[in-house]
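This is what each chain is made of:
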Amino acid sequence: MMEAYQNYLSLLGELAGTLEALSQVERNKTQAVRKDDLAGLNECIKQEQTASLQLRGLDKKREEALDTLGLRQIPLSQLPQHYPEPLRLEAKKTVEHLQQQYQLFRSAAQVARSTLECNLHEIEKILAQEGGAALDGPGYQGSDPQLPKPLRTDFRA
């Protein structure tokens, strides 16, 4: 049974590593947006999608492990108290590390989101100043905006 507890800590460590990698992706995304690097932004989005799949897989494993240990109803912050004495200190450190990585990820994601929203707002302002109609809502439906000449193209089939 000690092996199951140890395996769960390893899983939490893997989860923390994935969050750390995602934090770096968010920082890269912020830089790409600030530099108007659409290719870099696209690469970050692809990396986010990959990490999202990894997180789903880890979450499924986490739930299975919690069922095995009988700890499904225990909050993460209280996990070390329910661990066997020899593993409590390691459990405490692992939980703290995971919580720290989660907070770092949330902060990096919020900065990236705010930066992206600010840049989108600037684009909308520029389009409006160039004579395009104000863009509204998802898909910009409702106002059939005319794009400025630099953003138009002529397709002939």
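Refer to the preceding data block for the structure.
None of the values given here were measured: they were computed from a predicted structure.

Trainee: Quick question: what am I supposed to make of the overall build of the protein here?
Mentor: Counting its regular elements, the protein contains three helices and zero strands. In sequence order, the protein lays out its α and β elements as α-α-α. Every one of the 157 residues in the protein was classed for burial, and the buried ones make up 29%. When contacts within the protein are restricted to residue pairs at least 6 apart in sequence, those whose partners lie at least 24 apart make up 64%. Total accessible area on the protein stands at roughly 10900 Å², and carbon and sulfur atoms take up 53% of it.

Trainee: Sorry, what's going on with the pattern of salt bridges here?
Mentor: Between side chains of opposite charge, pairing is possible as soon as their charged atoms come close. Counted under the stated rule, the structure contains eight salt bridges. Across the salt bridge formed by arginine 62 and aspartate 59, the nearest N and O atoms sit 2.7 Å from each other. Taken together, the positions of arginine 62 and aspartate 59, both in helix H2 (residues 38-69) and three residues apart, correspond to about one turn of that helix. Judged by its relative accessible area of 23%, arginine 62 is partly exposed. Residue glutamate 117 is joined to arginine 113 by a salt bridge in which the shortest nitrogen-to-oxygen separation is 2.9 Å.

Trainee: Would you take a moment to explain the nonpolar core for this structure?
Mentor: Nonpolar side chains tend toward joint burial in soluble globular proteins. Judged by nonpolar contacts, the single largest core of 22 residues is most densely connected at Tyr8, Leu12, Leu71, Leu79 and Tyr83. Secondary-structure elements contributing two or more residues to this core are helix H1 (2-34), H2 and helix H3 (88-129). With nine residues, the top contributor of residues to this core is H1. The residues contacting leucine 79, other than those within four sequence positions of it, are Tyr8, Leu12, Leu71, Ile74 and Val95.

Trainee: Before we go on, may I ask you to explain the layout of surface pockets in this structure?
Mentor: The gaps left among the atoms become clear once a water-sized probe is rolled over them. In this structure, the largest pocket occupies an estimated 210 Å³ of space. Every residue lining the largest pocket is listed: Ala32, Val33, Asp36, Asp37, Leu38, Leu41, Leu116, Asn119, Leu120, Glu122, Ile123 and Ile126. Mapped onto the lining of the largest pocket, the elements with two or more residues apiece are H1, H2 and H3. Here the lining of the largest pocket takes six residues from H3, the largest share from any one element. Considering only residue class, the lining of the largest pocket consists of eight nonpolar, one polar and three charged. Approximately 160 Å³ is the volume attributed to the second largest pocket. Forming the walls of the second largest pocket are Leu15, Leu19, Leu22, Leu55, Leu76, Leu98, Gln99, Tyr102 and Phe105.

Procedures and definitions
Residues numbered from 1 in each chain as written. Predicted model: local features only at pLDDT ≥ 70, side-chain atom pairs only at ≥ 80, totals over all residues. Heavy atoms only, no water. Helix = DSSP H or I, 4+ residues; strand = E, 2+ residues; numbered from the N terminus. Buried < 20%, exposed > 50% of the residue type's maximum accessible area, 1.4 Å probe, protein only. Contact = heavy atoms within 4.5 Å. Areas by Shrake-Rupley, 256 points an atom, 1.4 Å probe, with all protein chains shown as cover. Salt bridge = Lys/Arg side-chain N within 4 Å of Asp/Glu carboxyl O. Core = buried A, V, L, I, M, F, W, Y, C linked by side-chain atoms within 4.5 Å. 1 Å grid on protein atoms, 1.4 Å probe; cavity = no way out; pocket = protein on both sides within 12 Å on 5 of 7 lines; lining within 4 Å. Points joined across faces, edges and corners; volume = space filled by probe spheres on them. Nonpolar A, V, L, I, M, F, W, Y, C, P; charged D, E, K, R; others polar.

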